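Geometric and topological summary
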Amino acid sequence: MPDLTVPRAARRFLREEPKLKLFSLLLRINWIFVLLICLLAGVGYGALYSAGGGKPVPFAEPQLIRFGFGVLMMIVVALLSPRVLRLLSVPIYILSILMLGLVLKMGHVGKGAERWINMGGFQFQPSEFAKIALVLILATWFHRVGREKLGNPLRLIVPALLVLLPVILVLKEPNLGTASIVGMIGASLFFVAGMRWWQIFVLVAPIPFLGNFVYSHLHDYQKARIDTFLHPEHDPLGAGYNIIQSKIALGSGGIWGEGYLHGSQGQLNFLPEKQTDFIFTMIGEEWGYAGGVAVIVLLGVIVLSGMVMALRCRNRFGRLVGLGISVDFFLYCVVNLSMVMGVIPVGGVPLPLISYGGSAMLTMMFGFGLLLSTWVYRDDLDLGTDQQHSS
Amino acid sequence: MIFQRPSSFKTFEASSPSKESERGASGRGVFTRRALLMMAVQVGVLGTLAHRLYNLQAVQGEQLRALARRNRTSKRLIAPARGPLYDRCGVLLAGSRPNWRALLMPEETTDIGAVIERFASIVPLDERDHARIERDRRHLRRYVPLTLKEFLSWDDMARIGLNAPTLPGVLVDVGSTREYPLKELTAHLVGYVAPPNEKDVQKDGTFALPGMRVGRAGLEQTQDERLRGHPGSVEMEVNAVGRVVGEVERTEGLPGNTLGLSLDSALQAQVRDRLGERIASAVVMDCRNGEVMAMVSTPSFDPSLFDSGVSHAQWNSWMSDSRTPLVDKAVSGLYPPGSTFKPAVAMAALSSGSVSPEERFTCPGYYDVGGVRFHCWNRYGHGSINMRQGLKYSCDVYFYQVARRCGIDAIHQAGGTFGLTGKLGIELPHVRAGSIPTPAMRRKQGFHWNGGDTINAGIGQGLVQVTPLALATYASRLATGRLVTPHLLRTVEHSLVPEAEPGLFGKMPFTAAHLDVVKGGMFAVVNEPQGTAPAARLTLPGIKMAGKTGSAQVRRVPRALRESGHFNSMNLPWEYRPHALFICFAPYDNPRYAVSVVVEHGNAGATEAAPLAARIMTDTLLRNPAERTPFSREGQSPPVAPSEHESHGKSS
């Protein structure tokens, strides 16, 4: 077990931190990536402006203010060194698990599922936060347990439990979409951390049977989502309404769109949740295929940038954090886009930085802060004292 | 390369794994390979999504755009305006006035029942509304709105507007309701409209439109197709909750035709006032072209009550009224014609050659045949009289003998020629045909014919039954010698209908000489001393009227009572008194108008019907032609030129 006793870690933090001047640290932030983030948020502002009926209220302006906070937070997080992050990973993970437990106890029920928690006036979605916490704790674990040690399957048991705990809690909310994203982030980290292929095979093979078992334990509304996804036309005004309306709106956008602020389906409120989960539909209707593809390309560039930043990192922890955050962002985008285009069942996953909503935006910005931090400290070899300690 | 690489740090290439720590290098090669693999997958997934987007937006775009258009527009059929009815002077008889109503668009709400319930809590619906909504819901169509409530008040509309967010699919619009300004004056002729029933809707889907009405009586019924018009449609842009935000396309429906009647509503009112409280009917016809100028049946009813549906109480009170206000007695009332039938019998005898005008028959006050005694109305008898005198005195015995001589078949035939047994083709529903049965017809119905039936038929009693309209037609035909048929419809969309053109009628198969004998008799009835209807003499200078009285028994007078010499039908209970009838035409030398009057249980035609008819005829002759002008004359030759007697009337 890694030794994370506070006094030693704190001593190290105080000893090493003055070496890096704040200004040079700021210079080392990947400002081009920050620009890409701002661009994405700009697209979101435009879309929310349109969703608000061509007005900055009620969506665009609050979201912009939140983004401002998010950027500040991102930069602060970006300056934290991997050591500090590893130090924080355990309390953060424990906190996120506690919040997930709390939300089950006293969460605010929204749309048939307990997902929200009230935190001093603003509502917070612990499952968003849990993803970041999981990335951090797994990166910390695999940082300490090198690729070589993973040949022993017993070394995988603790990280597997670290993954399963939030997955089960999120499933109980119940939020199938986020639970599967959490699971996939965990699986990605297992994969790049250097699991053996035979281990992967042993884990993947029973999935179909497991899937069957899970389906039989799904809530009715979750089953209904899968059913209406498969046959949306059965209930065009009920549960299938969202998918059908979304496809209709996208189709009516055509190649070049109906024009900004002139999308008939969105502006006439045929689009459900157009400012949150279905914001991409609104963009697709008003800007057409050209606009939609531009957004997809921008999302892809951000994902790949994150991946490249992870690749570039010279310490294992940073690589794993960078990749985990990039995969988190990627999964967000893919699940949302697939849902909007009717590829997978509808399931409350927003489009990061574009959809209206506070906690998703802030947790994502926190994640981007971590990603930037791995870039800032990309050349930190980070042998770590515990490595010397354990070897 | 977008990623900066500060020189103060070792480059990726420069750093060999051996120089790096064990921890930093741990699995880096594996990480790089697998991360690159994941990036490839990520690019593939995003590419697939972009492809899917292309499919949706470009390939299926056209089809989905059509869906979007259907989404945002809502097609609605609009009921056409029902055509108005005017009288010959341009007085509105049936029109439309706005009717604010609440409609429910079925396609814009998912739970119709809940919306109706909520609506009912805001605007109270009575039992009949609920019943109608239930009925309409059974054959609900997507584009056809459901009428929740009609004749909304301002308060109702304000309440609906205030609660609009909780009433998805409910909207208020303005339709029209049928209005009859003259109310009961023309109710029988104009008829009324009522909401369509299930049968109508099955026959023609457009009846399901809110505000559609179907004619249920009078001209509204017979001219329904002309008045109805064709529905238009309007395509509205609506938002997701069905609120209309704009109009995309509008196809105007075709309004129903404007119809002009031959009726003169002012004359109609005069006639109605003349009849007063009597249960009676009167018909004024232009005997040259068959135009019905006035046709009154009393009592009447208010036709606008039908538009919104008649209450049970109102309906029951009409149905239990022995005066039958809903029945147009002028066309549906069958009465024995009594002595007014005698001119027809005379014509039958003359044209069959069985009796000559000057042949005399003796009237001792009674006539015995086969052991049965038939009385004359005058028990002292009329002596030896010819045909003119027979008509003038209305001698029953004379006509008993004439009828026996010429036979029932000849009477039947002549009666038919005079239009007494036909439906006459007037544009009204429920027209009943009169009957002059023959032995052959009676046999078919399983009855035995006896000689007395023929004798009774000679004085228009017994089995003979005619309508007041047929009597007026009969008078017109007597006056003109032509086969005049009555009609009410004069113009459609301001142009004369072919039937309204004068001079189209063929001659009757009677010689002028014979007709003149009968007309002479009718002249004598009114204008000569000892005629039966001196009370019908016109006071207008230079205009003479010819007519014939009739008193039709509704109950056989017992022989003993009659022979006692104390019989007076005025002593009978009202409902057993004879009907009083009178037919006439004027001016005698150049006939223009024919009038028939039937007063139920009026006791005697000479005292009750004849003076009425004379006054009605006077009213008709005095109608100032200048007052008849307003609307139908533009661009057309006046169908009726003012003639001498009218200018007489004006100057007097």
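An unreviewed UniProt entry lists chain A under the name Peptidoglycan glycosyltransferase MrdB, with Saccharibacter floricola DSM 15669 as the source organism. Heading Pathway (unreviewed entry) of the UniProt record for chain A holds this comment: "Cell wall biogenesis; peptidoglycan biosynthesis." As stated in UniProt under Sequence similarities (unreviewed entry), the record for chain A gives "Belongs to the SEDS family. MrdB/RodA subfamily."

Let's shift gears to the overall build of chain B. Across its full length, chain B holds 24 helices and 21 strands. Across the 652 residues in chain B, those meeting the buried criterion constitute 55%. Long-range contacts, defined here as pairs at least 24 residues apart, represent 74% of the contacts in chain B between residues at least 6 apart. Approximately 27900 Å² of chain B is accessible, and the part contributed by carbon and sulfur atoms is 52%.

Judged by nonpolar contacts, the single largest core of 117 residues is most densely connected at Leu323 and Phe368 of chain A. For this core, the element with the highest residue contribution is helix H15 (residues 316-340) of chain A, accounting for 16 residues. Residues in contact with phenylalanine 368 of chain A, not counting those within four places in the same chain, are Phe33, Ile37, Met74, Ile302, Ile325, Phe329 and Leu353 of chain A. If you look at the next biggest cluster of nonpolar residues, it comprises 98 residues, including Val193, Cys406, Ile436 and Ala470 of chain B.

With respect to the helices and strands, the residue serine 246 of chain A is situated in helix H12 (residues 241-253). Taking C-alpha positions, serine 246 of chain A is 8.1 Å from glycine 342 of chain A, a pair spaced 96 residues apart along the chain.

The next subject is unusual backbone geometry. Residues and elements named next belong to chain B. Cis geometry marks the peptide bond from threonine 298 to proline 299; its omega dihedral reads -10°. The topology assignment puts proline 299 in the loop between strand S12 (292-297) and helix H12 (312-320). Each neighbour pair has its own omega, and for alanine 586 with proline 587 the value is -15°, a cis peptide bond. Within the fold, proline 587 resides in the loop between strand S20 (579-586) and strand S21 (593-599). The phi torsion at histidine 430 lies on the positive side, around 55°, for a residue other than glycine. Inspection of the secondary structure assignment puts histidine 430 in the loop between helix H17 (408-417) and helix H18 (439-444).

Residues and elements named next belong to chain A. Taken together, the side chains of Leu154, Ile157, Leu161, Leu164 and Ile168 make up a nonpolar region of the molecular surface, amounting to roughly 490 Å² of accessible area. Within the fold, leucine 164 resides in helix H7 (residues 157-172). For leucine 164, a relative accessible area of 45% translates into the label partly exposed.

All names here are of chain B. Tallying each qualifying case throughout the model produces 28 salt bridges over all chains. Across the pair aspartate 286 and arginine 288 runs a salt bridge whose closest N-O atoms are separated by 3.8 Å. Judged by its relative accessible area of 0%, aspartate 286 is buried. With relative accessibility at 36%, the residue arginine 288 sits in the partly exposed group. When salt bridges with common partners are traced through the structure, they connect Arg82, Arg178, Glu220, Asp224 and Arg228 into a single cluster.

This part covers the packing of aromatic side chains. Across all of its chains, the model carries 20 aromatic pairs over all chains by this definition. Centre to centre, the rings of phenylalanine 129 of chain A and phenylalanine 366 of chain A are 6.4 Å apart; their planes meet at 55°, and the pair counts as tilted. In this pair, phenylalanine 129 of chain A is assigned in helix H6 (residues 126-144) and phenylalanine 366 of chain A in helix H16 (residues 358-376), connecting sequence segments 237 residues apart. Taken as a pair, phenylalanine 129 of chain A and phenylalanine 366 of chain A share a single burial class, namely buried. Taken together, the ring pairs connect Phe33, Phe329 and Phe368 of chain A into an aromatic cluster. Taking the ring centre of tryptophan 375 of chain A as reference, the NZ or CZ of arginine 378 of chain A above it sits at 4.0 Å. Sitting over the face of the ring of tryptophan 197 of chain A, arginine 34 of chain B holds its NZ or CZ atom 4.8 Å from the ring centroid.

Residues and elements named next belong to chain B. With antiparallel pairing, the 5 strands of this open sheet are ordered in space as S12-S11-S21-S20-S19. One side of each edge strand has no neighbouring strand; the edge strands of this open sheet are S12 and strand S19 (546-552). Here the average twist between neighbouring strands, direction ignored, is 5°. Looking at chain direction, S20 and S21 are connected through 7 bridges and run antiparallel. Directly across from cysteine 584, in S21, lies its bridge partner valine 595. On the sheet, helix H11 (residues 265-275) packs against strand S11 (280-286) and S12 and is oriented at approximately 35° with respect to S12. Across the sheet, helix H21 (residues 512-527) is in contact with S19 and S20; its angle to S19 comes to roughly 75°.

Moving on, we come to helix H4 (residues 60-78) of chain A. All names here are of chain A. Across its 19 residues, H4 extends 26 Å between first and last C-alpha, which sits within 8% of the 27 Å expected from 1.5 Å per residue. Taken together, the buried positions of H4 are Ala60, Gln63, Phe67, Gly70, Val71, Met74, Ile75, Val77 and Ala78. Relative to the axis of H4, the buried residues are bounded by an arc of 150° and lie together on one face. Across H4 from its buried face, at more than 90 degrees, point the exposed residues Ile65, Phe69, Leu72 and Val76. Those residues of H4 that are buried lie in contact with helix H2 (22-27), helix H3 (31-51) and H16.

Another aspect to go through is the pairing of S11 of chain B. Residues and elements named next belong to chain B. Burial within S11 is extensive, with 7 of its 7 residues counted as buried. Taking every second residue as pointing to the same face, both faces of S11 are buried, with Ala280, Ala282, Val284 and Asp286 on one and Ser281, Val283 and Met285 on the other. Across 7 bridges, the pairing between S11 and S21 is antiparallel. Bridged to valine 284 within S21 is valine 595. With 5 bridges joining them, S11 and S12 adopt antiparallel strand pairing. Bridge assignment links valine 284 to a residue of S12, and that residue is alanine 294. The loop that links S11 with its antiparallel partner S12 comprises 5 residues; one of these, glycine 290, has a positive phi angle of about 80°.

Criteria and cut-off values
Residues numbered from 1 in each chain as written. Chains lettered and ligands numbered in written order. Predicted model: local features only at pLDDT ≥ 70, side-chain atom pairs only at ≥ 80, totals over all residues. Heavy atoms only, no water. UniProt positions renumbered as here; feature names shortened; annotations may be inferred. Helix = DSSP H or I, 4+ residues; strand = E, 2+ residues; numbered from the N terminus. Buried < 20%, exposed > 50% of the residue type's maximum accessible area, 1.4 Å probe, protein only. Contact = heavy atoms within 4.5 Å. Areas by Shrake-Rupley, 256 points an atom, 1.4 Å probe, with all protein chains shown as cover. Core = buried A, V, L, I, M, F, W, Y, C linked by side-chain atoms within 4.5 Å. Patch = residues over 30% accessible without salt bridge, like charges linked within 9 Å, V, L, I, M, F, W, Y side chains within 5 Å. Salt bridge = Lys/Arg side-chain N within 4 Å of Asp/Glu carboxyl O. Phe/Tyr/Trp six-rings, centres within 6.5 Å; stacked < 30°, edge-to-face > 60°. Lys NZ or Arg CZ within 6 Å of the ring centre and 35° of its normal. Pairing = 2+ DSSP bridges. Axes fitted to C-alpha atoms, helices over the stretch in contact; angles between N-to-C directions. Expected span 1.5 Å × (residues − 1). Arc of directions from axis to C-beta.

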